[in-house]
Amino acid sequence: MQGQKIMVIDDEKIVGDMAKLALEQDGFYVETFLNGEPALERLKKEKFDVVVTDLKMKGIDGMEVLRTVKRLYPETKVIMITAFANLDAAIEALRGDVHDFFPKPVKIKELKASIQRALER
Amino acid sequence: MLGRIRSLLGLAKGSGQEAPPFRTVFKNFKEVLENNNRALEIIADLGDKLGGDYLFDINYIKSAYSDLAGAVYGSIQNFDVLTINRYPQIHEVFSRIDDHIKTLIYDVTPSRGEMVLDYKDITWNMFREVGGKNAALAEMKNYLKLNIPDAFAVTTHAFDAFVAHNGLPEKIGAIRENPDPGALERLRTEIMGGEIPPDLAVALQGAVERIRETFGRDCFLAVRSSAEEEDGDFSFAGQFETVLNVPARSKAVGEAYKKVLASLFSENSVVYHKMHGYRVGDVKMAVGCLVMVDAAKSGVIYSVAPNGDRDILVINSTWGLGTSVVEGQTDADMYMVKKEVEPLVVGTKYGRKDSMVIMREEGGTVKVRPAEEMVGAGTLAEEEVKALAAQAVQIEKHFRRPQDIEWAIDKSGKVFILQSRPLRIPEVVRKDSDRQEEYAEPHGVLMENMGVVVQKGVGAGRVYVVRHPGELDRFPKGSVLVAKFDSSNFVRVMPYVSAIITDTGTPTSHMASLCREFRVPTLVNTGAATRLLQHGQEITLKAGDDGAVVYDGIVRELIEYDDRDLPKMEELFEFRKRRYVLRYISILNLVDPLIDEFTPEGCKTMHDILRFIHEKSVGELVERARYGNDMAKHHMAIKLDLPIPTGIMIVDIGGGLAAGGSAQRATFEQIASVPLKAIVKGMMHPGVWHADAVSLGVNDFISSMMRMPDITTDGRDYAGYNVAVASGEYVNLSIRFGYHFNMLDCYCSDNARNNHVYFRFVGGATDIVKRSRRVELIAAILREYGFNIVTKGDLVIGRLANISRGELEKVLDHIGRLIGYTRQLDAVLNDDSSVERFVRNFLEERYTF
């Protein structure tokens with residue numbers, strides 16, 4: 001998994017910061033974004049192996065990130081993280097397109113395992 | 001005499017306020033427990049989720065805190081009813097703490113825009129205003145209680161005001177992208193020639209005046225940079241100006257202040273800015289003004305060896321002020337210290353210190369040559385090295401990352417910390433995490449799949465078995481604490497303990513929250529730690545997500561792995577900022593109910609409030625249930641029929657007795673109250689309840705049989721019964737045998753957090769020597785069962801809480817035996833050695849005299 005590329009999008013800095021620190025420790029290359037717009041700009045230029053995105057964000061939200069990623073790179077896996085209250089709705093709406101869902105707080109170990117599975121397929 | 005006993009027991013009825021019936025009291029008590037539990041579970045969850053293993057966002061903190069505040073407030077409301085509003089201050093305390101927390105959660109700046117702030121008013125989260133250096137120093141002063149010089153901060157608001165007042169924003173903006181040396185120099189000149197805005201001048205003068213009032217008119221200050229971003233993510237080490245030995249007069253301080261501000265626009269500083277992606281004007285400058293320490297010696301500590309060895313710290317030291325060490329201009333002494341709990345000096349190198357910097361009497365500093373005999377001599381005594389090392393370890397532990405610390409020792413030998421900032425060190429080669437099993441393999445497994453992990457991590461050391469709180473005083477630093485019960489008293493050794501393993505306990509106990517706060521690897525509820533682990537044995541505890549293992553011996557590789565492989569979330573500013581909220585939620589300050597601060601005003605966190613309420617609610621319950629005899633008159637009291645003549649009457653307040661029995665008498669089998677049943681079972685234990693007469697000394701007029709009601713008749717219509725007020729999970733038992741008065745208040749449910757025992761014993765009617773022996777004996781036995789004991793004359797009070805139902809039933813069984821055992825004890829306690837003998841007999845279950 002050395003150098004595999006992960007993008008993390010969440011409008012709270014702490015989520016990206018923590019994810020980056022934890023994932024870099026496992027040898028991933030990680031870029032973080034605080035909102036969807038620059039993230040999609042970046043994705044247009046470069047492919048990432050896994051995109052971890054928050055569902056509810058101002059402006060471009062997780063749904064739109066998902067649609068764009070799938071259009072650009074069908075094989076890129078998307079992991080959606082969301083506030084617990086939105087989980088059911090999210091699962092219902094996005095069934096099939098998303099590799100995994102996690103309610104926040106997300107156990108980092110579980111997120112890592114999910115990324116691992118995404119990359120194995 | 002009886003009046004005295006009564007008042008000692010608190011039997012005289014209290015205030016004029018109408019007390020609610022006991023059933024209502026009990027119902028409120030239970031509601032307090034329920035709310036407290038809910039609150040403690042949320043606190044435990046917050047500690048867990050904010051511990052570094054989870055990605056969390058502010059929404060989680062907001063919603064968890066809102067639940068928590070609701071539960072704590074609910075608890076306060078029940079508490080008000082229970083205590084008939086005896087503690088109105090608790091409301092104020094709650095809103096104050098609630099305000100603090102909301103300020104943090106909702107990111108409201110705590111600032112009111114002050115230009116100057118005394119260190120005592122600075123909290124860590126104010127670093128945007130006071131800069132990283134000031135914030136860290138204030139934190140060490142206010143929170144770690146380290147010796148920091150008296151000081152004040154000139155804030156970034158003052159910086160903004162200065163820049164605006166002197167018309168500089170446009171000039172700074174003009175060179176934002178492309179600062180050429182000439183423009184920078186012109187900017188610096190303008191700052192040096194600038195005017196201090198009037199309101200800043202007033203604030204500065206006030207602060208300087210306060211310093212002069214304390215330290216005299218001739219004192220001097222160090223005026224140092226504390227840039228906004230100088231916090232940790234970038235150290236800016238040595239980029240900005242420091243002006244030493246500035247006379248404490250507003251004009252001189254103002255000049256020094258401008259000099260420090262100007263250094264923000266030095267060429268070096270701007271290069272450094274650019275290197276880290278900042279542009280000119282992005283960083284604001286706060287300043288710290290500290291009272292000068294007239295240092296006999298001073299220097300720098302790296303809390304980690306520069307080669308990355310985290311077990312070693314390095315102290316550099318020279319004569320006089322430390323500037324020459326900081327700037328690397330002198331050949332300083334070097335002490336290498338191994339970071340054991342008792343720091344061990346492992347290497348010493350004396351430099352040739354042929355110059356030293358000292359304070360000039362008229363201000364400023366001067367470089368002089370030390371006396372010839374000082375040039376090659378060591379600057380620090382071993383004790384000083386150890387004292388510095390201990391503080392460095394404490395600071396590193398607190399900030400949870402390697403530190404670069406400036407220190408000084410003044411002419412009276414007092415140690416001062418002058419600065420601490422994160423130290424960047426090279427990453428060392430990591431142990432392979434997959435090979436953990438392999439490292440541990442040669443070591444025998446002492447415990448596996450036992451207990452509940454409270455705090456993950458690896459801890460190793462010698463086992464020190466703590467049987468009662470007094471033994472904590474002798475706790476060897478760095479040991480593994482092993483105990484039967486968990487106890488918040490352990491906070492006394494938290495900073496030095498390598499790991500904690502207990503037989504009983506829960507992850508939501510007070511101790512558990514302390515362990516999480518101090519990050520002490522902790523395993524509770526193992527059932528057998530005190531049996532399986534030997535006092536003095538070397539062990540390693542590895543506590544992780546999938547349970548815990550205790551290895552025989554010290555597995556060094558596991559410790560190193562643990563130390564280095566966990567992501568260092570603490571290095572993230574956002575993480576530290578969010579976690580800071582726990583300081584007002586989960587830290588427990590009210591550890592000991594017997595300290596003076598155990599008051600509503602002493603509560604500094606939500607956890608403190610819960611602790612206070614629980615302790616006082618138990619007290620309230622005990623107080624009310626004492627009127628059991630009154631209840632026996634007003635309620636249906638049912639006689640307990642036992643093979644032994646206890647004379648116990650039961651007042652059933654709900655579920656204390658099995659349904660369907662007789663209205664007058666109940667048998668042992670019909671007792672449904674869990675705690676009462678356990679106590680009575682103990683009383684009936686073979687051999688405990690002596691019928692044999694014991695020969696009495698002439699000073700004793702107590703018999704081994706119950707005497708009543710003759711000696712208790714003092715004109716009031718005392719019913720003379722032994723009364724148990726009982727529900728399914730609760731009992732308050734008042735027992736009087738002769739002059740002994742024994743009271744036991746106990747809650748025993750499936751939730752260990754709720755459970756408590758309050759034991760009270762008063763005796764009399766025997767000579768004073770025997771009385772004190774009896775107190776000694778009861779106290780010694782209760783301590784063995786984990787009670788916290790207070791004795792006063794002939795009174796013994798024992799408290800025990802947070803204990804699982806199974807354990808508690810066992811304890812109560814033994815207390816039942818103790819009640820029987822002590823009935824006739826005085827008569828046989830003939831000499832001091834007999835106390836020890838009878839304690840031993842009791843603990844070994846030999847009850848015959």
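How each quantity is defined
Residues numbered from 1 in each chain as written. Chains lettered and ligands numbered in written order. Predicted model: local features only at pLDDT ≥ 70, side-chain atom pairs only at ≥ 80, totals over all residues. Heavy atoms only, no water. pLDDT = per-residue confidence, 0-100. Helix = DSSP H or I, 4+ residues; strand = E, 2+ residues; numbered from the N terminus. Contact = heavy atoms within 4.5 Å. Salt bridge = Lys/Arg side-chain N within 4 Å of Asp/Glu carboxyl O. Buried < 20%, exposed > 50% of the residue type's maximum accessible area, 1.4 Å probe, protein only. Core = buried A, V, L, I, M, F, W, Y, C linked by side-chain atoms within 4.5 Å. Arc of directions from axis to C-beta.

1. With respect to the confidence of the model for chain B
Residues and elements named next belong to chain B.
Inference 1: This prediction gives chain B a mean pLDDT of 83; 86% of its residues lie at or above 70.
Inference 2: The secondary structure element of chain B with the lowest average pLDDT is helix 1 (residues 2–9), at 42, and the one with the highest is strand 3 (residues 151–154), at 96.
Inference 3: Note that residues 1–16 has pLDDT below 50 and, in this model, 25 contacts with residues that lie over four places away or in other chains.
Inference 4: For the stretch residues 428–432, pLDDT sits under 50, and the model shows 11 contacts to residues farther than four places along the chain or on other chains.

2. Here's the deal with the pattern of salt bridges
Residue and element names in this part refer to chain B.
Inference 1: Per the stated rule, a full pass over the model turns up 44 salt bridges over all chains.
Inference 2: A salt bridge links Glu209 to Arg212; the shortest N-O distance between them is 3.7 Å. With Glu209 and Arg212 both in helix 9 (residues 198–215) and 3 residues apart, this pair spans about one turn of that helix.
Inference 3: Using a relative accessible area of 30% as the deciding quantity, one classes Glu209 as partly exposed.
Inference 4: Among the residues examined, Arg212 registers a relative accessible area of 12% and is labelled buried.
Inference 5: With a shortest N-O distance of 3.3 Å, Glu255 and Lys258 are connected by a salt bridge. Here Lys258 and Glu255 lie together in helix 10 (residues 250–263), a separation of 3 residues that amounts to about one turn.

3. Let's talk about the nonpolar core
Inference 1: Grouped together as the largest cluster of nonpolar side chains are 124 residues, with contacts concentrated most on Leu68, Ile315 and Ile609 of chain B.
Inference 2: If one sorts the elements of this core by residue count, helix 3 (residues 58–82) of chain B sits on top with 12 residues.

4. Quick notes on helix 2 (residues 36–45) of chain A
All names here are of chain A.
Inference 1: Those residues of helix 2 that sit buried are Gly36, Ala39, Leu40 and Leu43. All buried residues of helix 2 lie within an arc of 95 degrees about the axis, which places them on one face of the element. Turned more than 90 degrees away from the buried face of helix 2 sit Glu37 and Lys45, all of them exposed.
Inference 2: Against the buried residues of helix 2 lie strand 1 (5–9), strand 2 (29–33), strand 3 (50–54) and helix 3 (62–72).

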